[in-house]
Amino acid sequence: MRRRRLGLELRRLRETARLTGDQVIEQIGWASASKLSRLENGRSRPDPRDVRDLLELYGVTGPLRDELEAITREAGDVRSWLRSYRAMTPRQRSFAELEAGCADIREYSPFVVPGLLQTREYARTRIVSFRPLGSHTADAGSDVDDPETEVEARMSRQSLLVRDVAPPRYSAVLEESALSRRAGPPEVVRAQLNQLCKLATLPNVTLQVLTRDARVANWYMPHTGFSLYRFADPQDPETLAIEGHSTNQVLNDRDELDRYTVVFEWLQAAAMTPEDTLSWLAEMAGRGYGEPGRPTPSRGPVTPPTQRRRTERLTGQ
C-alpha cells in the first residue's frame, strides 16, 4: 500500500507539472520508458534516488517532500516488515501487504472461511485440498509444495486481529456452505465453529452467517468472494481485492469500490445478525454440525433490504 500511495502521489505531481511520461523520461535521462509507469502504478519497489529525481523535477519541497521520502523508505523496507511474521510465503504475502496498516477490513467468503479466521486444521485441509489443482503448475520449491509452511504463514497473519495496538475493525459475511460437512472432517468443522465463536466475541470483530436459503436483495447472486480494505492513513487508497481461482485482482477504482460496498451491505442485511450468528455457531458446534446424519439448520427467506442511494451504480443484478 505504501507503493500504491507513492505512485498515486507521483502521478498527481506529474500531471500538476503538466508533463507527459515521455517528457519526464527524457528530462531525467532514464533508459527504460516503463520505469515511470511501474513507479506510478505501484508495481516496483521504489529506489530513493529515483524518487528524489522526480521530486526535484516536479519542484516538490518542504513537508510534502519529507512525507514522500518517508513513504519511499517504508515501501522499500520489506525485510523488516516481514520479520514481524513467524513465516510468510509469496501466496500469503499479497494478503499480508493489504492487511498491514488497515483500519477496516470487510470480507465476503462464499466457499471457505476467510484466512484470518481459520483454525490450523481447517487451513491445512483447505491448502492440501487445493494441491491437485495447483501443484501441476507450481514451480519447484514453491509454497504450494510445502503445505505446512503455507499453514504457518496463514496463522502468522491472524495476529493482526488481536494485536495490542489499534487492531483493525473486521467484518465478514460467511456462507453457511463454508461450514458444511463438505468443508472437512467433522472434528475440523466443529473446531472451526468453536474458533468462530471465540473470535465473534472480540470487540473489533463482527461475523455474520448467510444461510443457504437467504435471499439477497432482489435475488442478487454474488459472483465471487471479495475483500474491502480501508487504511489508517486517510491518504492511502481504499482497495478492493476480488477473489480469483489462482490470483486476486486488486483495484482502487472508486466506481468498483462503491459497487462492492453496496453488495456487501446487501449481504449483511440478508445474513443473520451478529447476535444470532454467535448463537447459531455455538448451537451448531454443540450439536456436532457437519457430522453425518446431523440435520443442516436453515431459516426462512430474508426480506430484501431497502434499495440504497448508491444502488443505481450496480449493473447485472
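In case you missed it, the structure is sitting above this.
Keep in mind that what you see is a predicted model, and the values were worked out from it rather than measured.

### Looking at empty space enclosed by the protein
Counted by the stated rule, this structure contains one cavity of 30 Å³ or more. Put simply, the largest cavity is a space of about 50 Å³. Contributing to the lining of the largest cavity are Tyr220, Pro222, His223, Thr224, Phe226, Arg259, Tyr260 and Val263. Ranked by the residues each element gives to the lining of the largest cavity, the list is headed by helix H11 (residues 254-270), at three residues.

### Quick word on helix H4 (residues 48-58)
Among the residues of H4, those classed as buried are Asp50, Val51, Leu54, Leu55 and Tyr58. For H4, the buried positions fall inside an angular range of 135° around the axis, keeping them on one side. Summarising the geometry of H4, the exposed residues directed more than 90 degrees from the buried face are Arg49 and Glu56. Capping of H4 at its N-terminal end is provided by Asp47; its side-chain oxygen lies 2.8 Å from the backbone amide nitrogen of Arg49. One or two residues past the end of H4 sits Gly59, with phi positive at roughly 70°.

### Thoughts on the pattern of salt bridges
Scanning the entire structure with this criterion turns up 15 salt bridges. A salt bridge links Glu56 to Arg65, with the nearest nitrogen and oxygen atoms 3.2 Å apart. Within this structure, Asp104, Arg106, Arg169 and Arg230 form a network of salt bridges that share partners.

### Digging into unusual backbone geometry
In the Ramachandran plot, Arg18 falls in the positive-phi region, its phi being about 55° despite a non-glycine side chain. Structurally, Arg18 can be placed in the loop between helix H1 (2-16) and helix H2 (21-28). For Trp219, which is not glycine, the phi dihedral falls at a positive 60°. For Trp219, the position within the fold is in the loop between strand S3 (205-210) and strand S4 (226-231). Taking the relative accessible area as the measure of exposure, Trp219 reaches 56% and is therefore exposed.

### Some thoughts on the nonpolar core
In this structure, Leu117, Tyr170, Leu193, Leu196, Trp280 and Leu281 are the most contacted members of the largest nonpolar core, which totals 32 residues. Taken together, the elements giving at least two residues each to this core come down to strand S1 (102-109), strand S2 (169-175), helix H10 (186-200), S3, S4 and helix H12 (274-287). For this core, the element with the most residues is H10, which contributes six residues. Ranked by size, the runner-up nonpolar core spans 20 residues in total, among them Leu228, Leu257, Val263 and Leu267.

Calculation criteria
- Residues numbered from 1 in each chain as written.
- Predicted model: local features only at pLDDT ≥ 70, side-chain atom pairs only at ≥ 80, totals over all residues.
- Heavy atoms only, no water.
- 1 Å grid on protein atoms, 1.4 Å probe; cavity = no way out; pocket = protein on both sides within 12 Å on 5 of 7 lines; lining within 4 Å.
- Points joined across faces, edges and corners; volume = space filled by probe spheres on them.
- Helix = DSSP H or I, 4+ residues; strand = E, 2+ residues; numbered from the N terminus.
- Buried < 20%, exposed > 50% of the residue type's maximum accessible area, 1.4 Å probe, protein only.
- Arc of directions from axis to C-beta.
- Polar contact = N/O pair within 3.5 Å; in protein donor to acceptor, adjacent residues only side chain to side chain.
- Salt bridge = Lys/Arg side-chain N within 4 Å of Asp/Glu carboxyl O.
- Core = buried A, V, L, I, M, F, W, Y, C linked by side-chain atoms within 4.5 Å.

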